[in-house]
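Descriptive structure summary
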Amino acid sequence: MIDFSRFKAQDPEPPVVAECAWCHGEIRAGDEVKRIDDGGGFVHNGFGYDCATRYAEERVYDAMGTINIRGEID
């Protein structure tokens, strides 16, 4: 008997359900995400993505560096 299974249609990708607030990439059904509390959007949170961390750093911190004796960041 001939095996025709290789011609069977592949399962389609899950549908796009949102856009990442950091990288603006597609978020598909089944992706790991974090929901943003003040905007209601989403950011990627799965393996290989640092969107959640980078988005949070941008929103929470306004400067980075070494603090001097006056309590200022150089």
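Residues numbered from 1 in each chain as written. Predicted model: local features only at pLDDT ≥ 70, side-chain atom pairs only at ≥ 80, totals over all residues. Heavy atoms only, no water.

1. Brief notes about the overall build of the protein chain
What counts here: A helix here means a DSSP run of H or I that spans at least four residues, while a strand means a run of E at least two residues long, and both kinds are numbered starting from the N terminus. Computation of the radius of gyration draws on C-alpha atoms, with the globule rule given as 2.2 Å multiplied by the number of residues to the power 0.38. Whether a residue is buried, partly exposed or exposed follows from its accessible area with a 1.4 Å probe, protein chains only, as a fraction of its type maximum: under 20%, in between, or over 50%, in that order. Contacts between residues were defined by any pair of non-hydrogen atoms, one from each residue, lying within 4.5 Å. Exposure was quantified through the Shrake-Rupley algorithm and a 1.4 Å probe, taking into account, for residues, occlusion by the shown protein chains and nothing else. All tallies of charge rest on Lys and Arg as positive and Asp and Glu as negative; His and the ends of each chain are not included. Every charge is mapped onto a representative atom, which is NZ of Lys, CZ of Arg, CG of Asp or CD of Glu.
Each helix and strand counted, the protein chain has one helix and four strands in total. When the helices and strands of the protein chain are placed in sequence order, the string is β-β-β-β-α. For 74 residues, the compact-globule estimate of 2.2 N^0.38 gives 11 Å, and the C-alpha radius of gyration of the protein chain, at 21 Å, exceeds that figure by more than 25%. When burial is assessed residue by residue, the protein chain has 14% of its 74 residues classed as buried. Counted over contacts in the protein chain with a minimum sequence separation of 6, partners at least 24 positions apart contribute 12%. Of the roughly 6,600 Å² of accessible surface on the protein chain, a fraction of 52% belongs to carbon and sulfur atoms. Of the charged side chains in the protein chain, 8 are positive and 15 negative; the average position of the first set lies 5 Å away from that of the second.

2. Focus: the side chain of His44
On the secondary structure map, His44 appears in strand S4 (residues 42-44). For His44, a relative accessible area of 2% puts it in the buried group. In contact with His44, other than residues within four places in its own chain, are Cys20, Cys23, Gly25, Glu26, Ile27, Asp31, Glu32, Val33, Tyr49, Cys51 and Ala52.

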